[in-house]
Amino acid sequence: MARTRTIALTAGFLGLIFAPPVGQAIVELREGERPVIAELFAGAPAEAHLRQLEKSLDEASSLGSHLRPWYQVLKHRLTGDLGHKALRGREGWLFYQPDVKYLLEPYFRGQGPLPEGDPVAVIRDFKEQLASRGIDLLVVPVPGKPSVLPDRVSAALERTSEVNGNTRRFLSELREAGVETVDLQAAFRSRREAAGDDGALYLRTDTHWTGEGAVLAARRLAERVRRYSWYEGAAGERRYRTREASVMRRGDIVTMSGVPSAIETIPEELVRCRQVVDADGGLYRDLPESPVLLLGDSFSRIYQSDEPRAAGLIANLAYELQLPLASIVNDGGASTLVRQQLARRTQLLEGKRLVIWAFVERDVRFGLQGWKPVALWPEEPQPHDPTPAPGSPKLASP
Amino acid sequence: MRPIALCLVALALAAPARAESAEELALTAELVEIPSELPPDDLYDYAYVMKYRVQGGAQGGQTLLVAHYKPRQPREKIEKAMRDRVGGKLKRFRTGDLHRLVLRRDLEKVFDGAVVDEYFAADRKTPRYWCKQVDPA
Amino acid sequence: MVFTSHIFLFYFLPAVILGYYVLPQRWRNGFLTLVSYVFYGWWKPWFVTLMLASTLIDYLAVRVMAAPGASPRRRKLALLASLVSNLGLLGVFKYAMFAQGNALALSEALGLGSFPVLEITLPIGISFYTFQTMSYSIDVYRGEATPVRRFGDFACFVALFPQLVAGPIVRFQTLANQLRERAHSFERFASGVALFSLGFGKKILLANPVGELADAAFAADHPGALAAWFGIVAYAFQIYFDFSGYSDMAIGLGRMFGFEFPKNFDSPYHSQSITEFWRRWHISLSTWLRDYLYLPLGGNRLGPRRTYVNLALVMLLGGLWHGAHWQFVVWGAYHGLLLGAERALGKSSAYRGLPKPLRIALTFVLVLISWVPFRANTLTEAGHYLGAMFGLREAGAPAALLMAQLLSAHSLLIMAICTGVVAMRTQSWDFVEAISRNEPGVRAWARLAVAPAVLLTAVAAMFTQAFNPFLYFQF
């Protein structure tokens, strides 16, 4: 190697590896902070401490924050790639990878230990706790976008292709465990077959449903709720009416990709919603004393507390039932966190006849914090200790 | 008359302050535990409960459980919609660091989203505070 | 610590380079030993005690063996102590859980009840450094190596961080002279930089992205035949770029500190037979197994039948060396069978009469089939996957979703690049050799620019990827 080239390569390499840590320390000191690398000496060299240090270095890295978007844009420009969380479908449709992963992987129960907890056992336990207070439970897995729009993921799939055998099996096991369920998938598929196109049920670049999807889910749910014997007495006079509302929404799949060029170029979507108002024209509001409590996730939050407000699943279910609801909505936390939230506010269950628990189907596998049992009234003996699935570890009691 | 009027004015002015102090408290505490890996926050909004030990004052040595909104992000980068509820200059949460905290007692009223609370199973009684502002001490 | 991490590239490596070149020559081995212990202990600090134990045992065994006037019996006992200790460490930390699991399954099958299985953490790199330390005591026993004088030099040989956790497996005699005296030059350092950069790129820009494709295919419930073949080709690329990338980085780092490690890969997917594949794949392991297992067993000197038995035994143990699972035993047996068959045919393949591209393609297909049990988590999973590859298992409807994932523009581009790099006659080693030549002109500069460009792009990509250790760390 010619000496000049040798020196150039060596100098370039040394510059590349020496400049970032020195520059990072200078930036941190100028901002009045202790350099992150100094954490190395802040504790005993235990594994947890070292992993935390590595994570802190990654997160704090100025070089990383400059290079990351550059590389993301390069990949996006070259191949349209939006990172490992987004899957490009056909005709501009974007899908959330965990939604697809949930459909692809084998059914999770009966495959061995379930380190994240067994949802069937946990749901049965929850149902029995509620039943001890005379409250019914209705479980509603919300289909993810690729379950309803498989043909928008791949041209090899038909509109009618059955891709979510996992949820069908989950619903069937819940029913075997004595848990009442509502199958939204069937309703959504019927709509697609009738509409002939995508049925306008899901947003093109977002993980969630459209306003219309929320209304359809509310109708399907209301059909079941009306069959409860207490419903007639609870409904009373007609209190709500609807009006059209619309909102521009930037797809969360685009936003979470974090790719600047995608955020700049993929347009916002116009969403038409059915907004629910009361007799005075005021937007629908929850009533904590309602006989119905809905526990939900972001599918219950969208258009409800988000713009245009009072146009999501909750308001539309209230409209269909002509009955105000109580609700606890916990983005991404509908597997465990929403029940923890309820356990902190058990007074909300006073006078309740029904709890509707809606969560997106992928959370059966990937819910934030997994599926932990939650005792609603810990001071009382529990009606049932959730039995783990065959081969799964014993669930700890709270 | 004049001193009485002044007292009345002072009381009137002080009333909101009293109401605020009933909901909020300011203190300095050491972050003693981040009980697990912080969950990803790209898709979900959430708050995460961490353990503190109060430094100095009447509450010195007391343990507090404090919910921080999206703790992976520097406080100054929290989205606009949450700015009235989350603030401060802290960039990273590291155990062992001292923080100046402004806390709210009414977590459920301030934030109705997901609260990731690893202490839930073992301890429901200790109150959870919402962190309104956190700065390096 | 992982080479392709922030902490290694921007903190550990600069600190080590600085310390190494600032220190006087006589302190450098000691310094390298110290930082290698930090490097190794970074995963779990207690790991270092095992490495230290292995080092001490072999050092002392050889001292006993090489003591003036040592009787043959004493020499043999010392060697035995070394072998038993190293194999004992491997047995406890690598194979005890496997044995317990099998005993449990047998006990349950016979209706004798169950018992708790003691969980044991596998220390990273234990298979590599125990083989290295054993090679030292065996070489000294055979009279092929001179005993080391200073413990520090031996500790440095065992712990040397560039090749500690995933090879190349270096025999003591290869490094003995370099430990005593090695040359440092800009040329050597720069060629190390180039090799390290290319290896870094292989891991981050190729192995990790294709690994995601392989993971998706292997995680799917009922992949179709096309997806299954796509997935296994992706895995073949992943394991090659992952492992050869690591070797490149190891050799490159070695050069930065004046060492010269042997080449570990030589375009293995260009092989025209399985026999040739094993001459080109993980060369340091094949050589080790040949020198310390195959030849001592008699090699091919004891007649054809014994040769086949020896081959099968070596490949089975080679399989088990990779991991204590039945999948690796099957993988080793499969390769043993193919090697035996080729030996029967005169060390050549059954398809030797075909044109060269077809011979390469058929060898690649045979290797692909072997990667299925290697990658699968269980033998059942491997069976299902092979069934999918050969159309014996019906694809479910979600298989089309999998194809949509696998055939994205980004995935196709990565697979095309991998194919191109594998097909190239010039591999990283040769590329670095080429840029080391004293050529004048723009072309030489352009070739030189490839290494930093790859490194810079890979560093940018590293910040977008989750933690992703090397595949061979688990062995």
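Position numbers for residues start from 1 in each chain and track the written sequence from start to end. Starting at A for chains and at 1 for ligands, labels are handed out in the order in which the entities are written. For this predicted model, a pLDDT threshold of at least 70 governs which residues receive local features, and a threshold of 80 or more governs which side-chain atom pairs are given and counted, while totals over whole chains, interfaces and linings are taken from all residues. Only hydrogens and water are set aside; all other atoms, that is, all heavy atoms of the structure, feed into the side-chain values.

## Focus: the pairing of strand β7 (residues 292-296) of chain A
Residue and element names in this part refer to chain A. Burial here depends on accessible area, computed with a 1.4 Å probe over protein chains only, as a share of the maximum for the residue type. Under 20% is buried, over 50% is exposed, and the range in between is partly exposed. A run of H or I in DSSP becomes a helix once it reaches four residues, and a run of E becomes a strand once it reaches two; helices and strands are each numbered from the N terminus. Taken across its five residues, β7 has five buried, putting it largely inside the fold. A two-sided burial pattern is seen for β7, the buried positions comprising Val292, Leu294 and Gly296 on one face and Leu293 and Leu295 on the other. Pairing between strands is defined by DSSP: at least two bridges between the two strands are required. Pairing analysis gives four bridges linking β7 to strand β9 (residues 354-360), with the strands arranged parallel. Paired with Leu294 across the two strands is Ile356, which belongs to β9. Two elements, β7 and strand β8 (residues 326-329), share four bridges in a ladder whose sense is parallel. Residue pairing for β8: Gly296 is matched across the bridge by Val329.

## Brief notes about the sheet that holds strand β4 (residues 180-181) of chain A
Here we have five strands laid out as an open sheet, ordered β4-β3-β9-β7-β8 (chain A), and parallel in their pairing. The strands lining the two open edges of the sheet, one partner per strand, are β4 and β8 of chain A.

## Concerning the interface of chain A and chain C
Here a residue-residue contact requires only that any non-hydrogen atoms of the pair lie within 4.5 Å. On the chain C side, the residues contacting the 55 residues of chain A number 56 residues. Between chain A and chain C, a total of about 5000 Å² is buried, with carbon and sulfur atoms accounting for 74% of that surface. Just to be clear on terms, a salt bridge is a Lys or Arg side-chain nitrogen sitting within 4 Å of an Asp or Glu carboxyl oxygen. The interface formed by chain A and chain C contains one salt bridge. One salt bridge connects Glu47 of chain A with Lys44 of chain C, and the closest N-O pair in it is separated by 3.0 Å. Listed by contribution, the elements that provide at least two residues to the side of chain A that touches chain C are α1 (3-30), α2 (47-60), α3 (62-79), α4 (97-104) and α7 (150-153) of chain A. Considering every element that reaches the side of chain A that touches chain C, the biggest residue donor is α1 of chain A, with 16 residues. Under the convention adopted here, Pro, Cys and the residues Ala, Val, Leu, Ile, Met, Phe, Trp and Tyr are nonpolar, Asp, Glu, Lys and Arg are charged, and Gly plus all remaining residues are polar. Tallied by class, the residues present in the side of chain A that touches chain C amount to 33 nonpolar, eleven polar and eleven charged. Two parts lose some accessible area (1.4 Å probe) when they are put together, and adding that loss for both gives the buried area.

## As for the packing of helix α8 (residues 186-219) of chain C against helix α17 (residues 409-423) of chain C
Residue and element names in this part refer to chain C. Only the stretch in contact is used when fitting a helix axis, every axis being a line fitted to C-alpha atoms; angles between N-to-C directions are given from 0 to 180 degrees. At their nearest, the axes of α8 and α17 sit 10 Å apart, and the two run at 125° to each other. In terms of axis orientation, α8 runs oblique to α17. Between α8 and α17 the crossing geometry is left-handed. Mapping the contact onto sequence places Leu205, Leu206, Pro209, Val210 and Leu213 in α8 and Ser411, Ile414, Met415, Ile417, Cys418 and Val421 in α17. Any angle between 65 and 115 degrees counts as roughly perpendicular, while under 35 counts as roughly parallel, over 145 as roughly antiparallel, and the rest as oblique. By definition, any crossing whose near helix is turned counterclockwise from its far helix by less than a right angle is left-handed, and any crossing with a clockwise turn is right-handed.

## A word on the interface of chain B and chain A
Tallying the contact residues gives 23 residues for chain B and 36 residues for chain A. Regarding the contact of chain B and chain A, the summed buried area is about 2500 Å², with carbon and sulfur atoms giving 45% of it. There are nine salt bridges connecting chain B and chain A. Between Arg72 of chain B and Glu59 of chain A there is a salt bridge, and its shortest N-O distance comes to 3.9 Å. The element best represented in the side of chain B that touches chain A is strand β6 (residues 114-116) of chain B, accounting for three residues. Grouping the constituent residues of the side of chain B that touches chain A by class yields nine nonpolar, one polar and 13 charged.

## A word on unusual backbone geometry
Residue Pro308 of chain A is bonded to the preceding Glu307 of chain A through a cis peptide linkage, with omega at 5°. Assignment of secondary structure puts Pro308 of chain A in the loop between α14 (298-301) and α15 (313-321). You will see that Arg309 of chain A, though not glycine, has its phi angle at about 75°, which is positive. On the secondary structure map, Arg309 of chain A appears in the loop between α14 and α15. A positive phi is found at His282 of chain C, a non-glycine position, where the angle reads about 45°. By secondary structure assignment, the location of His282 of chain C is in the loop between α10 (274-280) and α11 (283-294).

## Considerations on the domain arrangement of chain A
All domain edges in this entry derive from an automatic or database-based domain assignment. Here the domain parsing of chain A yields domain 1 (3-60) and domain 2 (88-366). The distance between the C-alpha centroids of domain 1 of chain A and domain 2 of chain A comes to 45 Å.

## Considerations on empty space enclosed by the protein
Residues and elements named next belong to chain C. Definitions used for this entry: grid spacing 1 Å over protein atoms alone; cavity, a set of points where a 1.4 Å probe fits but cannot get out; pocket, an open set with protein on both sides within 12 Å along at least 5 of 7 lines; lining residue, one with an atom within 4 Å of a point. Grid points are joined across faces, edges and corners, and a volume is the space filled by probe spheres set on the points. All chains considered together, the criterion is met by four cavities of 30 Å³ or more. Looking at the largest cavity, it is lined by 14 residues, and the ones nearest its centre are Lys202, Asp248, Phe265, Ser428 and Trp429. Looking at the lining of the largest cavity, the elements with two or more residues in it are α9 (225-256) and α18 (428-436). Of the residues forming the lining of the largest cavity, the biggest block, five residues, is contributed by α9.

## Some details on the nonpolar core
Core analysis: the largest hydrophobic core is formed by 261 residues, its most contacted members being Trp209 and Trp357 of chain A together with Phe161, Phe196, Tyr269 and Trp371 of chain C. Considering every element that reaches this core, the biggest residue donor is α9 of chain C, with 19 residues. Think of a nonpolar core as a cluster: buried Ala, Val, Leu, Ile, Met, Phe, Trp, Tyr and Cys residues, connected wherever their side-chain atoms sit within 4.5 Å.

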